[in-house]
Amino acid sequence: MDREYCEIEAFYDGDCPLCRREVNLLKRFDRRHKIHFTDIAAEDFDPDVYGKTQSEFMDEMQGRLPDGSWVSGVEVFRRLYSAIGLRWLVAPTRLPGISHSLDYLYRHFARHRLKLTGRCQQGQCTVKSPQEKVHS
């Protein structure tokens, strides 16, 4: 995919079942190829290339715009759904009460997503970096 024609590059956790499901749905609807998806759990992913840490990518959804600026959290989802032609669905999410609620709910999910998606064992929620996966 040619990134220069994309509206957003979305960085997602490919080890997260819920995240993969959402990305697969978006890919199906992205018929005009406006989104470039980058899996931060892929073995060849290097966060240093983007000037961020793996923790920054894991803490919340990250998106990079064509001008090189970054958006995160719920704003990434707004941009993704706008890119696939669902601007009408995005508009209400910008209303003050709804926006604050979505931000709060997303932050809660992001903070607990490893546990919520069954990626914790015996109370420990750890994630291997892509480099650690290669050496395992």
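Okay, so let's go over this structure.

Rules behind the numbers
For every chain, the first residue of its written sequence is number 1, and the numbers climb from 1 along that sequence. Thresholds applied to this predicted model are a pLDDT of at least 70 for local features of residues and 80 or more for the giving and counting of side-chain atom pairs; totals over whole chains, interfaces and linings are not thresholded and use all residues. Excluding hydrogens and water, the side-chain values take into account all heavy atoms of the structure. Each helix is a run of H or I in the DSSP string that is no shorter than four residues. Each strand is a run of E no shorter than two, and both are numbered from the N terminus. Note on classification: 1.4 Å probe, protein chains only; a residue is buried when its accessible area is under 20% of the maximum for its type, exposed when over 50%, partly exposed between these limits. Using the Shrake-Rupley algorithm and a 1.4 Å probe, accessible areas are obtained, with residue cover drawn only from the displayed protein chains. A cavity here means a set of points on a 1 Å grid, drawn over the protein atoms and nothing else, where a 1.4 Å probe fits but cannot get out; a pocket is an open set with protein on both sides within 12 Å along at least five of seven lines, and a residue lines either one if it has an atom within 4 Å of a point. Grid points are joined across faces, edges and corners, and a volume is the space filled by probe spheres set on the points. Strands are labelled as partners when DSSP assigns at least two bridges between them. A crossover gets the label right-handed when its path from the first strand over the helix to the second runs clockwise, viewed with the strands pointing away from the viewer. Note that His is not counted, nor are the chain ends; the positive residues are Lys and Arg, and the negative ones are Asp and Glu. Just to be clear on terms, a salt bridge is a Lys or Arg side-chain nitrogen sitting within 4 Å of an Asp or Glu carboxyl oxygen. Residue contacts are defined here by distance: any two heavy atoms, one from each residue, within 4.5 Å place the two residues in contact. The term nonpolar core refers to a set of buried residues drawn from Ala, Val, Leu, Ile, Met, Phe, Trp, Tyr and Cys, joined through side-chain atoms within 4.5 Å.

### Considerations on the overall build of the chain
- For the chain, the helix and strand inventory stands at six helices and four strands.
- Mapped from its N terminus to its C terminus, the chain presents α and β elements in the order β-α-β-α-β-β-α-α-α-α.
- Burial status across the chain gives 38% buried among its 136 residues.
- For the chain, the computed accessible surface area is about 8,600 Å², with 53% contributed by carbon and sulfur atoms.

### Section: helix α3 (residues 74-83)
- Burial of α3 is extensive: eight of the ten residues sit out of reach of the surface.
- One or two residues past the end of α3 sits glycine 85, with phi positive at roughly 95°.

### A short note on the layout of surface pockets
- Empty space within the largest pocket amounts to approximately 550 Å³.
- What lines the largest pocket is a set of 27 residues, among which Glu22, Phe77, Tyr81, Tyr106 and Phe109 lie closest to the centre.

### Description of the pairing of strand β2 (residues 35-39)
- With respect to burial, β2 is a largely interior element, four of its five residues being buried.
- In terms of strand pairing, strand β1 (residues 8-12) meets β2 through five bridges, oriented parallel. When the sheet's bridge partners are listed, phenylalanine 11 is paired in β2 with threonine 38.
- Handedness of the β1-helix α1 (residues 17-29)-β2 crossover: right-handed.

### Description of the pairing of β1
- With five of five residues buried, β1 lies mostly within the body of the structure.
- Neither face of β1 is open: one carries Ile8, Ala10 and Tyr12, the other Glu9 and Phe11, and all of them are buried.
- Here β1 runs beside strand β3 (residues 62-64); their pairing, made up of three bridges, is antiparallel. Across the sheet, the residue bridging to phenylalanine 11 is glutamine 62, located in β3.

### Concerning the side chain of aspartate 30
- Along the chain, aspartate 30 turns up in the loop between α1 and β2.
- It turns out aspartate 30 is buried and unbridged, and the closest side chain with the opposite charge, arginine 32, is 6.3 Å from it.
- Setting aside chain neighbours within four positions, we find aspartate 30 in contact with Ile35 and Ile84.

### As for the nonpolar core
- Ile8, Ile35, Phe37, Met61 and Leu80 are the most contacted members of the largest nonpolar core, which totals 19 residues.
- Broken down by secondary-structure element, the contributors of at least two residues to this core are β1, α1, β2, α3 and α5 (96-116).
- Among the elements that line this core, the one with the most residues is α3, at five residues.
- Within the second largest apolar cluster, six residues are counted, among which are Phe11, Phe45, Tyr50 and Met58.

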